[in-house]
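One letter stands for each residue in the lines below.
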Amino acid sequence: MTGDASPAVWRATGLAWSTGAAALEWSTPGDGAPKTSPLDLGAALAFTTGADRRCTGLRRAGRRHACPTAAPLPPASRSAQCPACQTTDRADSIAADTRLHDPRPFAVYLAHHGSTVKVGITAVERGQARLLEQGALASTVISTGSLLAARRVENLLGQALGLPDRVSTSRKRAARAHPGTAAERATALLATAESVKSLSWPEGQTRTDPQIADHTTTYGLPADGLRPDAAILPPTPGSVIAGRITCRIGADLYLHTPAGLVLLDTRLLAGWSLTRAEPDSPLTAHLEALTAPEAPHSPSNQACLF
């Protein structure tokens, strides 16, 4: 890992989740499988950003394919892809409904995000990785089957119950300040799952009994929540980011620093080359002061979710 301005260096591609573990993922100088560095709770994190930020290219079947032009990226962009790579990615994307031929089994899930319960789909083989990537506080699977049928179920729950299929980052972060209890989250999810039972189910998806998985322990989210003092602004060349990991949730890291509890959106790191800094290095990245959000209302078992 170097801070060289050349595109042929190791560059961060974002925070990745698998089997309950979080890691910072790196792209290789050429095409290939990404490398990872663990992001363990309590570990010291200290690095310096390199000379520039560049497109991270595409990921297909677990392999990273480099951007053909190594296009530069604006520091403030939360997307790690240039417009050309974004277009190519969406041409064969489950999220964009351009990959409906995928033969794998897919699950329909309910995810708890504080004042909001959302519906979503994920490949069964991915387990809980999709839920951890989005920072769900708790979740349950309600059916499994084909991808096309999963999309029909997702649309059905959106139309019949008003369940969203997306939740804003700001709403998710607000929920972490006052997460409530595991029992409250389970009650909200089970109530929503119960309301689903009256709906006529599309063929191709088989209903399952809800089994609640609470994810807060995996993240290291305290029972009384997290209220960061500041957030790290988009890094610039030579920014030092240092602190001790107290929580990792979704794409976010929460770091204990001399400036207090600081929020780091790791999407802002993707595309930068990063070099190791001394653990006691001062944090030089610019910060934005944050105010603690008000406690959210608990989600109901019907469509009162916004």
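Just so you know, these numbers come straight off a predicted model, no measurement behind them.

Examining the sheet that holds strand β1 (residues 11-18)
Ordered in space as β1-β2-β3, the three strands form an open sheet in which the pairing is antiparallel. Both outer strands of the open sheet, β1 and β3 (35-38), are each paired with one neighbouring strand and no more. With strand direction ignored, the average angle separating the axes of adjacent strands in the sheet is 35 degrees. Summarising the sheet, strand β2 (residues 21-27) and β3 pair through four bridges and their orientation is antiparallel. Opposite Ala23, over in β3, you have Pro38 as the bridge partner.

Section: empty space enclosed by the protein
Under the counting rule described, the total for this entry stands at one cavity of 30 Å³ or more. Put simply, the largest cavity is a space of about 30 Å³. In terms of lining, the largest cavity is formed by Leu24, Leu39, Leu45, Phe47, Leu253, Leu264, Thr266 and Leu269. When the residues that make up the lining of the largest cavity are grouped by side-chain class, the tally is seven nonpolar, one polar and no charged.

Thoughts on the state of the cysteines
Considering all chains together, one arrives at zero disulfides under this definition. As a non-bridged cysteine, Cys82 has Cys85 as the owner of its nearest cysteine sulfur, 3.7 Å distant. Using a relative accessible area of 6% as the deciding quantity, one classes Cys82 as buried.

Considering the packing of aromatic side chains
Counting across every chain of the model gives one aromatic pair. Residues Trp17 and Tyr219 carry aromatic rings whose centres are separated by 5.7 Å and whose planes lie at 75 degrees to one another, so their mutual orientation is edge-to-face. Of this pair, Trp17 sits in strand β1 while Tyr219 sits in helix α6 (residues 216-219), placing them 202 residues apart in sequence. Here Trp17 and Tyr219 have matching classes, each one buried.

Quick word on the pattern of salt bridges
All told, the structure shown has 17 salt bridges when counted by the stated rule. Among the salt bridges present, the one from Arg11 reaches Asp52, with a minimum N-O distance of 3.0 Å. Taken together, the residues Arg11 in strand β1 and Asp52 in strand β4 (residues 44-53) connect sequence positions 41 residues apart. Across the pair, Asp52 and Arg11 agree in class, each one buried. A single network of salt bridges, built from pairs that share partners, joins Arg78, Arg173, Arg176, Asp252, Asp265 and Arg267.

What to know about the sheet that holds strand β13 (residues 240-249)
Ordered by their spatial adjacency, seven strands build an open sheet running β16-β4-β13-β14-β15-β12-β17, and the pairing between neighbours is mixed. Each edge of the sheet is formed by a strand with only one pairing partner; in this case those strands are β16 (272-276) and β17 (287-289). Each adjacent strand pair in this sheet contributes to an overall mean axis angle of 40 degrees, direction not counted. Bridge analysis of β13 against strand β14 (residues 252-257) gives five bridges, and the strand direction is antiparallel. Residue Ile245 lies in a different strand from β14, and its bridge partner there is Leu255.

Comments concerning the environment of Leu156
Along the chain, Leu156 falls in helix α3 (residues 147-161). As a C-alpha pair, Leu156 and Val196 span 40 residues in sequence and 9.7 Å in three-dimensional space. Look past the residues within four positions of Leu156 in its chain and what remains in contact with it is Leu161, Leu199, Ser200, Trp201 and Pro202.

Cut-offs applied
Throughout, a residue's number is its position along its own chain's written sequence, starting from 1. Where totals are concerned, whole chains, interfaces and linings use all residues; where local detail is concerned, this predicted model gives features only for residues with pLDDT of at least 70, and gives and counts side-chain atom pairs only at 80 or more. Side-chain calculation: all heavy atoms of the structure are included, whereas hydrogens and water are not. Only strands joined by at least two bridges in the DSSP assignment are considered to pair. Each helix is a run of DSSP H or I of at least 4 residues and each strand a run of E of at least 2, with the numbering of both proceeding from the N terminus. Lines fitted to C-alpha atoms define the axes, with helix axes restricted to the stretch in contact, and inter-axis angles between N-to-C directions lie between 0 and 180 degrees. Cavities and pockets were defined on a 1 Å grid built over protein atoms only: a cavity is a set of grid points that admits a 1.4 Å probe from which the probe cannot escape, a pocket is an open set flanked by protein on both sides within 12 Å along at least five of seven lines, and lining residues are those with an atom within 4 Å of any such point. Grid points are joined across faces, edges and corners, and a volume is the space filled by probe spheres set on the points. Residue polarity is assigned by list, with Asp, Glu, Lys and Arg as charged and Ala, Val, Leu, Ile, Met, Phe, Trp, Tyr, Cys and Pro as nonpolar; anything else, Gly included, falls into the polar class. Disulfide: a pair of cysteine sulfur atoms within 2.5 Å of each other. The classification of residues rests on relative accessible area computed with a 1.4 Å probe and restricted to protein chains. Under 20% of the type maximum is buried, over 50% is exposed, and intermediate values are partly exposed. Put simply, two rings from Phe, Tyr or Trp (the six-membered ring, in Trp's case) pair if the centres are within 6.5 Å, and we call them stacked under 30 degrees between planes, edge-to-face over 60, tilted for the rest. When a carboxyl oxygen of Asp or Glu is within 4 Å of a side-chain nitrogen of Lys or Arg, the pair counts as a salt bridge. Contacts are residue-level and defined by heavy atoms, with any inter-residue pair within 4.5 Å sufficient.

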